[in-house]
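Okay, here's what each chain looks like letter by letter:
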Amino acid sequence: MQGFPRPEAVPPEPPITTEPTIPHNLALFRLQGFVGRRAELIQLHEWLTGGDDLPAIAIGGEQGSGKTTLATAVAWTYIRDFPDGVVRVGAAGVTSFRLYDVVRTMDSVFGTTMTRLSEERWGLSILEQLYRRRRLLILDELSGTSEQELATLVHIIAHLHESGGHSRVLFIDRNLSPAIAELCQHQLITLEGLAPAELPQFIQRLSPPQVQETALAHVDELYDLTHGRPYPLRLILGLMLDYPWGELRELLQSTVQPDGRCSTPELVAFAAENFAAIQPHAGPLLDRLVTAAGGASLAALEELFWPGLGAPAELEPTVAALEARALLDRDIYQQRLVMHPTLRRYLDQNAAILGEDWERRHAHYYSKIVEQYQVLPLERWSQIDPEWGNIYQGADWCAARVERLWQHPPLELFADPKADTQILVLPPEAKLWLEDLRLARAYGMALAHYAFWRHPPGIQKWLAAGAAAALALTDVRDYAWLQMNMGRQYFFTGQVEEAIEWLKRAAAIFDSRDLLTELAYAFTDLGTSYRVLDRSRLALNYFRAAFECVAQLGDQRGLATAYTNLGSAHYGLNEFERALQLYRKALRIALRLSNNQQIASAYNSMGLAMEGLERLQEAEQAYTQALALFRSINDPLGISTCYNNLGSVTYAQGNFAQAVKWYELDLALADERNAWTDMAATLHNLGHVAAEQRAWDQAEAYFRQSRDLYAAFNLVEYVEEEEEMIEFVRANRVLTEP
């Protein structure tokens, strides 16, 4: 859909059904009673789908003006213009907006694996998810974002602009940074209130039935007090439940600014304090719900936030009354309660301090949720992700609690390796809080598993708190397990030497207690670390040690992995014959287990070893067998790897036509996967094949396409390499021309 839609194409209320194939995480509750904003919807539609190719768009405006609601409305209304998906990203609810929030949400919605990449690759990966696609990324409230992460976002959007793509980034913020404003240029809507003529419809849809007639009789006065801003309007309509209009109008005068409208923060304060005085349960409930980072599920409302405040039968009337007064919103589709950000800010600054007992209860409740990451398969983690803010908050409390008990950061309690053989003495008062230590250990163990796949910022602090708690509880196995996972996180961030120190400490503890399964993991991680450091002999020693552990356990699947790791270590030492023998042993076990993933990987590894031995036809056969299996299990990465390996081995045999066919298949697959940097590498390979055939024009075209893709992602070194190849082709064309 291009250009301006006909007026009737903009519905008064965005549709609540869309194409089921479009991935998104849009909420619907914000659109209940949505009215007006026709001009803004039309303007946003033009910017989102028009031909200007400016990817950055912004919605600004004062608090309570409906910025997020408008963004949600335009996303729902025109979702079919973004068939590759729509994602809204906000801060987790505990910290300011982080780049991690973007990659974590994309992993959850699109099924990507971006959080498994190192942090310095996040920007490139986000760009790759948007490049040449039709996606809408909504970034809600960037205040507090670090300068470095803001610069990364600016870099991403600038390259989207240069590529002339169709993805769009919609910013929602009260105060846009100069860099973001420059990217948006003229594509900025500063949201004001609803038009006076739209207020009657707003009142009919959103006012409590008891006050509707009175509100409609005083539309002009309501407009004067709010200038049509939706949230202040809702607050006043809620207050009309508790005051006659004349009395309320007088009371509101204390919040009126020089331009005649009520101050939103003062109005929020009045509404919250007024109902807390009327309903004794409302104030404490709101105070508790402030701690619900990212909202609270209705189950948590009943099990955590309400108990102790009133009888179960009183809960629903209290929540309904808070909804009527715009002090809470209920998302019936996600079964959650959500608090308006303006109210949250006020309560966060002024709510009663709930104290450590409440924080403990909150952390304990969400420990049951975080443990689900260890139970549910990875593809179902999106069911848990809405509680990430609450999990984050619980983990932070555990870390702070451990630090308060010993008056030292958790890591300092066992930074010295001597701690591994000594008892961590509990302070006298800490003996009363053993449950807190068990809680910290539980969070540490669950988040260790989460972090293996998702790598959240702050994970080292949580793992250290769990490890210190486990040591104090004399739970040496979990203590060592958490040490090992600390090593894994250091490895992930490129601090390989630090990783090795922690892995060695964990391995020593596992070894001393004959924990062979855990020891095999530690030895495997040590072998991998030394391979990264190009210390292949040491890596081989650790892979052998891991193999011996697994062999004693009789774990067949683990044995196949151990053989593969040993083979890879020998391959790294150019001992191809030995590597091939080990890969064959891995294959034999995988065949026995009917594990197609491992069978395919074994055939692929065997092909690499055969190539090293210059047994090219056998290598080609092994790659072909691997390809058939990867296709049968629909593994795109495995298929792509085989295409590349088959292209390489046929090229080495001088079968250039077949090499081109394999590389073109990989090119089509990369296009389907939108794996642009992989596509650039394949184009580079095709350029070499064409150059070998002296098809200079074709070779130059391939290298140009590869260069342009690398340039789109600002991969300067690769761009320079492609430029060199273009010059090489041109020079050879001149030399070979008749």
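Just so you know, the residues in each chain are numbered from 1, in the order the chain's sequence is written. Thresholds applied to this predicted model are a pLDDT of at least 70 for local features of residues and 80 or more for the giving and counting of side-chain atom pairs; totals over whole chains, interfaces and linings are not thresholded and use all residues. To obtain the side-chain values, all non-hydrogen atoms of the structure were included, while hydrogens and water were left out.

Caption draft 1: A look at the overall build of the protein. Where helices and strands are cited, they refer to DSSP runs of H or I of at least four residues and of E of at least two residues respectively, numbered from the N terminus. The helix and strand tally for the protein stands at 33 helices and 8 strands. Using C-alpha atoms as the atom set, the radius of gyration is obtained and then compared with a globule rule of 2.2 Å times the number of residues to the power 0.38. Computed over C-alpha atoms, the radius of gyration of the protein comes to 30 Å, within 12% of the 27 Å expected from 2.2 N^0.38 for 738 residues, which places it in the range of a compact globule. Taking the principal axes of the C-alpha coordinates as reference, the protein spans close to 95 × 80 × 40 Å. For the exposure calls, accessible area comes from a 1.4 Å probe over protein chains only, and a residue counts as buried if that area is under 20% of its type's maximum, exposed if over 50%, partly exposed in between. Looking at the 738 residues of the protein, the share that counts as buried comes to 54%.

Caption draft 2: Representation of the sheet that holds strand β6 (residues 296–297) within the structure. The strand order across the open sheet built from 3 strands is β6-β8-β7, with neighbouring strands paired in antiparallel fashion. Strands with a single pairing partner mark the edges of an open sheet, and in this sheet they are β6 and β7 (329–331). Each pair of strands is called paired provided DSSP finds at least two bridges between the two strands. By the bridge criterion, 2 bridges tie β6 to strand β8 (residues 336–338) in an arrangement that is antiparallel. Looking at the pairing, A296 lines up with L337 of β8.

Caption draft 3: Examining the packing of helix α20 (residues 459–472) against helix α21 (residues 476–492) more closely. Axes, fitted as lines to C-alpha atoms, cover a helix only where it is in contact. Angles between the N-to-C directions of the axes lie from 0 to 180 degrees. Interaxial distance between α20 and α21 falls to 8 Å at its minimum, and their mutual angle equals 165 degrees. Taken together, the axes of α20 and α21 lie roughly antiparallel to each other. Handedness of the crossing formed by α20 with α21: left-handed. Listed contacts from α21 to I459, Q460, L463, A464, G466, A467, A470 and L471 of α20 are D478, Y479, L482, N485, M486, Q489 and Y490. Looking at the contact of α20 with α21 residue by residue, the class counts come to 10 nonpolar, 4 polar and 1 charged. Note on angle classes: values under 35 degrees are labelled roughly parallel, values over 145 roughly antiparallel, values of 65 to 115 roughly perpendicular, and the remainder oblique. When the near helix sits turned anticlockwise from the far one by under a right angle, the crossing is termed left-handed; a clockwise turn instead gives a right-handed crossing. In what follows, residue pairs with any heavy atoms lying within 4.5 Å of each other are defined as contacts. Residues are grouped as follows: Ala, Val, Leu, Ile, Met, Phe, Trp, Tyr, Cys and Pro are nonpolar; Asp, Glu, Lys and Arg are charged; all remaining types, including Gly, are polar.

Caption draft 4: Quick peek at the environment of F275. If you trace the backbone, F275 turns up in helix α12 (residues 264–278). On the basis of relative accessibility, which here comes to 5%, the residue F275 falls in the buried class. Once the C-alpha coordinates of F275 and I726 are considered, the two residues, 451 residues apart in sequence, prove to be 73 Å apart. In this view, F275 contacts D242, A282, A321, L322, R325 and L327; residues no more than four positions away in its chain are not counted.

Caption draft 5: Summary view of the pattern of salt bridges. Should a side-chain nitrogen of Lys or Arg be within 4 Å of a carboxyl oxygen of Asp or Glu, the pair is scored as a salt bridge. The full count for this structure, using the stated rule, is 36 salt bridges. With a closest N to O distance of 3.0 Å, E356 and R401 form a salt bridge. A residue pair is termed long-range when its members are at least 10 positions apart, and E356 in helix α17 (residues 355–370) and R401 in helix α18 (residues 388–406) qualify at 45 residues. A salt bridge links E575 to R537; its shortest N-O distance comes to 2.9 Å. One end of the pair, E575, is in the loop between α25 (556–572) and α26 (576–593); the other, R537, is in helix α24 (residues 536–553), with 38 residues separating them in the sequence.

Caption draft 6: Quick peek at the packing of aromatic side chains. Aromatic rings from Phe, Tyr and Trp, taking only the six-membered ring of Trp, are treated as a pair when their centres fall within 6.5 Å; an angle between ring planes under 30 degrees marks them as stacked, one over 60 as edge-to-face, and anything in between as tilted. Tallied over the full model, the rule gives 24 aromatic pairs. Each ring, one from F305 and one from W358, has its centre 5.7 Å from the other, and the planes form 50 degrees; the classification is tilted. With F305 in helix α14 (residues 298–305) and W358 in helix α17, this pair connects stretches of sequence that are 53 residues apart. Over the ring of W433 we find R401, and its NZ or CZ is 5.0 Å from the ring centre. Geometrically, a charge over a ring is one whose NZ (Lys) or CZ (Arg) sits within 6 Å of the ring centre while staying within 35 degrees of the ring normal. The aromatic ring of W481 is capped on one face by R488, whose charged end is 5.8 Å from the ring centroid.

Caption draft 7: How the structure looks around unusual backbone geometry. One non-glycine residue, R37, lies in the positive phi region at around 65 degrees. Take R37: it is sitting in the segment before α1 (38–49). Take R37: its relative accessible area is 4%, and that puts it in the buried class. The phi angle at N574 is positive, at roughly 65 degrees, despite the residue not being glycine. Position of N574 among the secondary structure elements: in the loop between α25 and α26.

Caption draft 8: Representation of a negative patch on the surface within the structure. Judged by side-chain charge, E717, E720, E721 and E724 come together as a negatively charged surface patch. For E720, a relative accessible area of 47% translates into the label partly exposed. Only residues above 30% relative accessible area that lack a salt bridge enter a patch, with like-charged residues linked at up to 9 Å and the nonpolar side chains Val, Leu, Ile, Met, Phe, Trp and Tyr linked at up to 5 Å. Method for areas: the Shrake-Rupley scheme with a 1.4 Å probe, in which residue coverage is limited to the protein chains shown. Counted as positive: Lys and Arg. Counted as negative: Asp and Glu, with His and the chain ends omitted from the count. Where a charge sits is defined by one atom per residue type, namely NZ (Lys), CZ (Arg), CG (Asp) or CD (Glu).

Caption draft 9: Up close: α25. Expected helix span is given by 1.5 Å per residue-to-residue step, counting one fewer step than there are residues. Taking 1.5 Å as the rise per residue, α25 with 17 residues should run 24 Å; its terminal C-alpha atoms sit 24 Å apart, in good agreement. Residues G558, L559, A560, A562, Y563, N565, L566, G567, S568, A569 and H570 constitute the buried set of α25. Residues of α25 that are buried in the fold lie against α23 (516–532), α24, α26 and α27 (596–612). Each polar contact in these results corresponds to two N or O atoms within 3.5 Å; when the atoms are within protein, one needs to be able to donate a hydrogen and the other to accept it, and residues that are neighboring in sequence are counted only if both atoms are side-chain atoms. The residue sitting at the N-terminus of α25 and contributing the capping side-chain oxygen is D555; that oxygen lies 3.3 Å from the backbone nitrogen of R557. Just downstream of α25 lies N574, where phi reads positive at about 65 degrees.

Caption draft 10: Molecular detail of the pairing of strand β4 (residues 168–172). Across the 5 residues of β4, 5 count as buried, placing the element largely inside the fold. The side-chain alternation of β4 yields two buried faces, one formed by R168, L170 and I172 and the other by V169 and F171. As paired strands, strand β1 (residues 56–61) and β4 are joined by 4 bridges and run parallel to one another. The residue bridging A56 from the neighbouring strand is V169, located in β4. Pairing analysis gives 5 bridges linking strand β3 (residues 136–140) to β4, with the strands arranged parallel. From the neighbouring strand, L136 faces β4, where its bridge partner is R168.

Caption draft 11: Quick look at the packing of helix α22 (residues 496–512) against α23. Taken N-terminus to C-terminus, the directions of α22 and α23 make an angle of 155 degrees; their axes are 9 Å apart at the nearest point. Looking at the two axes, α22 sits roughly antiparallel to α23. The handedness of the crossing between α22 and α23 is left-handed. The segment α22 lies against α23, with V496, I500, L503, K504, A507, F510 and D511 engaging E518, L519, A522, F523, D525, L526, S529, Y530 and V532. A per-class count over the contact of α22 with α23 returns 11 nonpolar, 1 polar and 4 charged.

Caption draft 12: Highlighting the sheet that holds strand β2 (residues 86–90). Reading across the sheet, the 5 strands line up as β2-β3-β4-β1-β5 and stay open at both edges, with parallel pairing between neighbours. The open sheet has two free edges, formed respectively by β2 and β5 (188–191), since each of these has just one partner strand. Along the sheet, successive strands turn relative to each other by an average axial angle of 15 degrees, direction set aside. Against the sheet, helix α3 (residues 99–110) contacts β2 and β3, and its axis sits at roughly 145 degrees relative to β2.

Caption draft 13: Examining the pairing of β3 more closely. Most of β3 sits inside the fold, with 5 of its 5 residues counted as buried. Side-chain alternation along β3 places L136, I138 and D140 on one buried face and L137 and L139 on a second face that is also buried. Here 5 bridges tie β2 to β3, and the two strands are oriented parallel to one another. Paired with V89 across the strands is L139, a residue of β3.

Caption draft 14: A positive patch on the surface, seen in detail. Positive charge collects at one region of the surface, where R544, R578, K585, R588 and R592 lie side by side. Here the element with the most residues in the positive patch is α26; it accounts for 4 residues. K585 gets classed as partly exposed once you look at its relative accessible area, which sits at 31%.

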